[in-house]
Amino acid sequence: MAIDDEYLRDVLLELLRTPSPSGRTDAVMQIIGDHLQELGVPIRLTRRGVLRATLTGQAADTSRAVVVHADTIGCMVKRLKENGRVEVVPIGTHSARFAEGAHVTLFTDDLTRIHTGTVLPLMSSGHNFGDAVDTQGVGWHQVEIRLDEPVETRQDLIDLGVSIGDFVALDAAPQITPNGYVKSRHLDDKAGLAACLAAVKALVDDGGSLPVTAHLLVTIGEEVGIGATHGLDDDVAELVAVDNGVVSEGQASREDTVNIGMLDSTGPFDYHLTRRLIALCEKNDLPFRRDVYRFYRSDAAPAVESGLECRTALIGFGVDSSHGHERTHLDSIRYTAQLLAAYLSSPLTFSEWDDQPTGALEDFPSHSVQPAEPEPERYPGRH
């Protein structure tokens, strides 16, 4: 199914340029909702602002879901310092090492007053501190934000309207190189969002009938561990989380493929659904990699932890230097969108079994699709 590359690029850049640290996501959710409504896809928002779009399929009593998050890592004002600088704490898990030198936007409670600035180490002048700049430790207590305002005291910050608890967004500064690499902060998970929207557009443009009703759930708290905790019902039989594939030493994921997670820090993903996605890649000639992620958690985990009884899987675009100076390739985002379109156009993994939350043992698809040979007897006759 054809993916609109121009649409994918335009949506990706628009999302990346819209700040959305966890806890301050309303603006980006409005943009996502507008795009879905332009495609003619009905949407609903929960009380907290999680968005669910629905593509009606032939089977309405059972559904599947694709889950992606709109929130990103960021910071919050912890203290107004006497020197006119701002101390911050992280929102989400990321190192101050990669925040040093970042341009930021600070949002005050007065929506008309937005301030820009830069994250700097406490010793930021080589002409003053000499070699000490190389020995200063790394950590959030070792950095401060220099606002682009004439401030020299804590009172100056107060007069600007800066308060403890203000949100600070790390500017994404996205770039797409001539050979298709995308360099930006917050590719996790804005690139996943772009892939999902491009897949939905491909399905709408195709005009075919889906075999099963499909939901696109866009969450707003994944980076702080509370992503897909609500917004779906018990009719959901399968859930595919879309997030970044970790490209680093010792990992199999690549920036130019779609990547399929076999396991993350919460355990293995569903055996059957995972292999169904692999089969779809092979059938549609989509380059893919299987990978295992150790220090990783996606929207699939809170969905299951909140009581949703469904199969779960994880696919993603490859990201180098995740939660740091991130980079991926447009090919990886496109392949992710193509896999999503192929998946949503296919039947459930086990159509007859998965259409109900429970069933009889004799109907369970066990030995025929996941056999387990008995281990050999070590001491024949002992038992």
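Computed from a predicted structure; not experimentally measured.

Some remarks on unusual backbone geometry
For the bond from D188 to D189, the omega torsion is 15 degrees, close enough to zero to count as cis. Along the polypeptide, D189 turns up in helix 6 (residues 187-206). A positive phi angle, close to 60 degrees, is found at H323, a residue other than glycine. Locating H323 in the fold gives a position in the loop between strand 17 (311-320) and strand 18 (327-329).

Quick word on the side chain of T213
Counting through the fold element by element, T213 comes out in strand 12 (residues 210-219). Within the structure, T213 has its side chain in polar contact with the backbone nitrogen of G57 (distance 3.0 Å). Setting aside anything within four residues of it in sequence, one finds T213 in contact with T54, L55, T56, G57, A59, A60, T62, S63 and R64.

Concerning the pairing of strand 9 (residues 167-170)
Side chains of strand 9 alternate between two faces, with F167 and A169 and V168 and L170 buried alike. Pairing geometry for strand 4 (residues 74-80) and strand 9, over 2 bridges, is antiparallel. Bridge assignment links M76 to a residue of strand 9, and that residue is F167. As paired elements, strand 6 (residues 103-107) and strand 9 share 4 bridges and run antiparallel to each other. Residue pairing for strand 9: T105 is matched across the bridge by A169.

Re the pattern of salt bridges
Under the definition given, this model contains 13 salt bridges. The residue E255 makes a salt bridge to R327 at a minimum N-O spacing of 2.8 Å. Taken together, the positions of E255 in the loop between strand 13 (236-247) and strand 14 (258-264) and R327 in strand 18 put the pair 72 residues apart, joining distant regions of the chain. For E255, a relative accessible area of 11% corresponds to the buried category. In this structure, the salt-bridge partner of R311 is D270, at a minimum N-O distance of 3.2 Å. One end of the pair, R311, is in strand 17; the other, D270, is in the loop between strand 15 (267-268) and helix 7 (271-283), and 41 residues separate them in sequence. For R311, a relative accessible area of 11% translates into the label buried. In this structure D270 comes out as buried when scored by relative accessible area, which is 18%. Overlapping salt bridges bring together D4, K201 and D205 as one network.

Topic: the nonpolar core
Counting 82 residues, the largest nonpolar core has I32, L36, L216, V218, L277 and I315 as its most contacted members. If you tally residues by element for this core, the top one is helix 6, at 12 residues. Among the nonpolar cores identified, the runner-up in size contains 21 residues, and L80, V88, A102 and V162 belong to it.

Some words on helix 2 (residues 26-38)
Compared with an ideal rise of 1.5 Å per residue, which puts 13 residues at 18 Å, helix 2 spans 18 Å between its outermost C-alpha atoms and is within 8% of the ideal. Those residues of helix 2 that fall on the buried side of the exposure criterion are V28, M29, I31, I32, G33, H35 and L36. Buried positions along helix 2 lie against helix 1 (5-16), strand 1 (43-45), strand 2 (51-55), helix 6 and strand 12.

Concerning the packing of aromatic side chains
Inspection of the entire model under this criterion finds 2 aromatic pairs. Between the aromatic rings of Y293 and Y296, the centroid separation amounts to 4.9 Å while the plane-to-plane angle is 25 degrees, which identifies the pairing as stacked. Accessibility assignment for this pair places Y293 and Y296 in one class, buried. Summarising the aromatic geometry, the rings of W353 and F364 are spaced 5.3 Å apart at their centres and angled 70 degrees between planes, so their arrangement reads as edge-to-face. Here the residue W353 occupies a position in helix 10 (residues 351-354), and F364 occupies one in the segment after helix 10, the gap between them amounting to 11 residues. Note on W353: relative accessible area 19%, which makes it buried. Taking relative accessible area as the criterion, F364 reaches 39% and is therefore assigned partly exposed. K201 extends its terminal NZ or CZ atom over the ring of Y7, reaching a point 5.5 Å from the ring centre. Over the ring of Y271 we find R275; its NZ or CZ atom is 3.9 Å from the centre of that ring.

Cut-offs applied
- Residues numbered from 1 in each chain as written.
- Predicted model: local features only at pLDDT ≥ 70, side-chain atom pairs only at ≥ 80, totals over all residues.
- Heavy atoms only, no water.
- Helix = DSSP H or I, 4+ residues; strand = E, 2+ residues; numbered from the N terminus.
- Polar contact = N/O pair within 3.5 Å; in protein donor to acceptor, adjacent residues only side chain to side chain.
- Contact = heavy atoms within 4.5 Å.
- Buried < 20%, exposed > 50% of the residue type's maximum accessible area, 1.4 Å probe, protein only.
- Pairing = 2+ DSSP bridges.
- Salt bridge = Lys/Arg side-chain N within 4 Å of Asp/Glu carboxyl O.
- Core = buried A, V, L, I, M, F, W, Y, C linked by side-chain atoms within 4.5 Å.
- Expected span 1.5 Å × (residues − 1).
- Phe/Tyr/Trp six-rings, centres within 6.5 Å; stacked < 30°, edge-to-face > 60°.
- Lys NZ or Arg CZ within 6 Å of the ring centre and 35° of its normal.

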